[in-house]
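Topology and contacts: notes
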Amino acid sequence: MRNLFYTLFFLMIFAGFSVSAQSISGKITDAKSNEALPGATVSIDGTSLATMTDPDGVFKLDVQAGTWTVKFSYVGYLENQLEIYLGSGESKDLGTIALESEVVGLDELLVVASFARDRQTPVAFSDVKPEMILEKLGTQEFPEILKSTPGVYATKAGGGYGDGRINLRGFDSNNIGVLINGVPVNDMENGKVYWSNWAGLSDVTRSMQVQRGLGASRLAISSIGGTINIITKSTDAKQGGSVSYAVGNDGYSKETFTFSTGMTDKGWAITASGAHTKGDGYINGTDFEGWSYFLNLAKRFNAKHQLAYTVFGAPQWHHQRSSMHLVKDYLNHPDRTKFNSDYGYRDGQLYGGSYAYNIYHKPQMSLNHTWTLNKSTSLNTSAYASLAKGGGRQILGPQRDLLRFGYPNGAPTATTMLTNEGHLDYSSVIDINRASLTGAQAIVATAINSHDWYGVLSTVNTQFGNIMFTGGLDGRFYRGYHFTEIEDLLGGAYYLDATNKNRDAGTPLQKGDKISYYNLIDVAWVGAFAQAEYVSDMFSAFVTLAGSQTNYRRIDFFQYTNEADQTTEWVPFIGYSAKAGANYNINKNHNLFVNGGYFTRAPFANTVFVNYTNTINADANPQRVLSSEVGYGFSSSIAKATLAAYRTAWLDKTLTRSMGGDIANITGLNAVHQGIEAEITLKPTKRMDVKIMASVGDWRWQNDVEAALYNADQVFVDSLHIYAKDIHVADAAQTTGALGLDYEILPRFKIGADYNYYDRLFAQFNIEDRAKPELAGVDAWQLPAYHLFDLNMSYKFKIGKTDAAVYGKVNNVLDIEYIADARDNTQYTSEVIYGSELNSPVFFGFGRTWSLTLKLNF
């Protein structure tokens, strides 16, 4: 292994100095910006001769004497070609070959979205192209396309459609900024990203980039761990389209279509896409159905003005697995790792239980105006809206445990009613409800979490020599609607609920009535940002400043009888950020970069308002983050590598937790995430691509803290000492590695293999549960290390004059059983078994899955 490492290292060091014979040469650039396109392909039609451009966009290729068609291609650009004649012994300089983007206005969009550029932007980043999504994703969750990226840990969680999760450098989605076309999509209340709301995103993604650490985004977003930057399809320059059909394991099927008019002579362009997906789910009781749609309507008025309207969404419903179980419970069950306790059957149809059914639709609409004032200045303004509706199922009532499994170990309670097959017994509960003289004892309700979100993002860019100045405004208003409504009385005549103080507790309630809680959360945000970026051939640097004010307000219709008490005052928090970075290109192959920054972030809404009431938490303070990164890059026509070391200090983390009816207010928590990452891509031949990744982190809590305990009336009760110092941060593998190989074994027939390794993964735990002195310095359970092996293939061919392709993917080829997620439950056991599978419920990952896709392009 050591010899292999040294070989690869010296190959990268000296590859830039290799010499090849001259026959044809030239440089490939972007037709609009004139920037070099490193990694572009130059090939001789009808032969296997090909090469790639170096970091400066320059190429050289040996060609025999004769007449040839030379093709020039680059992902995201229209192909170009030249007819040439070479006499015996002749060499020819083809000059500059300019390629046009496939997308009208893409350069402006990449600037707005803060996409990083090789050997220029001083941050560690990885790119994902649409072809990689086609070849590698298969039936996996969308975040899993990033699983071979340094610092990333992505799983399917419970295994329901769209229920996947992702961590980056040890931070969950609350602390990862996610941008779609430059617009932030993290939830305004809690910062989370629910991937089931974006289930169709893989079908319309044109480009995806993961920036680790503070990243290059100018916005004041939650990019503590990093930023996931996604650019969707937009205004295609060329007319065309595609249709596809996919099948996979467990009844999976998917149909898609895309069509684009291209830009007409009158400046109009339309791109539309749609998909339908359904299946039974790999995990038992997780069937699903989803649709997705995308429409972009663009008008280019003249060389200065372009207007584009985009709308996309993914309505879906899916059953879920929410209950974790102990390892022994899975292995002793006939379904083994596919075991799911959270469903039964109603009238012969699968019927999910509590937290085991979700239905949601989150369309996002935007109107984008690009105004090119002159050659050096442009203004891009986007007005957007997202009107989301939906929620998840709950089992409620005085005897709700009839249809629920116990917490935390997922074992049936003393009253859980199960069929002989072990499923939730809805029929018996219906009989109980029908016989009840005091209303239904256990009902099905839907917890609604809808929202209306409106925003405006305006960015101006102006160039002065080598310096680009960027500034802008970011305004948002968000209203979240939170309530529970009756979905199914399960045979009961009515239901009684005493939580609404403005309604008589004896009121018989029916389907559609609100119960348990009903509140709104308003978030008003305003931000401003400015950046100066200097770029030259050898050196580049940037300085970014941003400020924001986040205002929260809560409105509660159930807990307060006085109308004046139902609405809180606005609670403001000021946030700001400052970051800077520099990149130095030592020569055409080697570069060094460094970046650092400091920012503050408003606490989330659930911390501001205590225990789901209108009581304002006086101890809720902005969190502080200090981050730095240093890295080395190498690039040549056959190799590219990035090595980075980082340190992120997360300071003054604030948490509020319910503990037996009291509320724990935890402040002053600090954590440090530091580590090293390496990413290497090799192209030793035209037909072969190799990817190597390694990431080693050391993520730990830094200090013990005192937590103040308050009762329901906000009276101080006691203080708790939380033993957090030196405990590893949980829920993400701190050591990961990957090795990928793609090889075109025959013309247009390619196979690929990917190996992933995960270690030092600690079970998730609640920091407030670490209040026992004997837990001082004791880590959560460390899960067994595991590795996965995937295969993929693609074959491109013609059906008449139509381009066609077949894609195949097999995940976890060896069908390995492994634990991907776990919860440490040391605090719930009377036995002294700290950090053990004996008391830690888990989710197993998926076994072998497969998919096969046929795609036709026209």
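Here the structure is a predicted model, which means the values were calculated and not measured.

1. Here we look at the sheet that holds strand β13 (residues 205-212)
- Read across the sheet, five strands follow the order β8-β13-β14-β11-β12 without closing on themselves; strand pairing throughout is mixed. The strands lining the two open edges of the sheet, one partner per strand, are β8 (125-128) and β12 (183-184).
- Relative to strand β14 (residues 226-232), strand β11 (residues 176-180) runs parallel, the two being bridged by five bridges. Within β14, the residue paired with isoleucine 180 across the bridge is isoleucine 230.

2. Points about the environment of phenylalanine 557
- In this structure, phenylalanine 557 sits in the loop between β29 (539-556) and α7 (563-566).
- Taking the relative accessible area as the measure of exposure, phenylalanine 557 reaches 28% and is therefore partly exposed.
- For the pair phenylalanine 557 and leucine 520, spaced 37 residues apart in sequence, the C-alpha separation works out to 8.6 Å.
- Among residues more than four places away in sequence, those in contact with phenylalanine 557 are Asn500, Asn502, Tyr518, Leu520 and Gln566.

3. Things to note about helix α6 (residues 426-435)
- Inspection of α6 places Tyr426, Val429, Ile430 and Asn433 among the buried residues, and these make up the whole buried set. For α6, the arc enclosing every buried residue in end-on projection is 105 degrees, short of the 170-degree limit, so these residues lie on one face.
- Residues of α6 that are buried sit in contact with β21 (343-346) and β22 (349-352).
- Regarding α6, its N-cap is aspartate 425, as a side-chain oxygen of that residue lies 3.4 Å from the backbone nitrogen of serine 427 further along.

4. Some points on the pattern of salt bridges
- With the rule as written, the count across this model stands at 33 salt bridges.
- Between arginine 687 and glutamate 744 there is a salt bridge, and its shortest N-O distance comes to 3.8 Å. Here arginine 687, found in the loop between β34 (662-685) and β35 (688-701), pairs with glutamate 744, found in strand β38 (residues 735-746); they are 57 residues apart in sequence, far enough to count as distant.
- One network of salt bridges, with partners in common, ties together Arg169, Arg212, Glu629 and Glu677.

Calculation rules
- Residues numbered from 1 in each chain as written.
- Predicted model: local features only at pLDDT ≥ 70, side-chain atom pairs only at ≥ 80, totals over all residues.
- Heavy atoms only, no water.
- Pairing = 2+ DSSP bridges.
- Helix = DSSP H or I, 4+ residues; strand = E, 2+ residues; numbered from the N terminus.
- Buried < 20%, exposed > 50% of the residue type's maximum accessible area, 1.4 Å probe, protein only.
- Contact = heavy atoms within 4.5 Å.
- Arc of directions from axis to C-beta.
- Polar contact = N/O pair within 3.5 Å; in protein donor to acceptor, adjacent residues only side chain to side chain.
- Salt bridge = Lys/Arg side-chain N within 4 Å of Asp/Glu carboxyl O.

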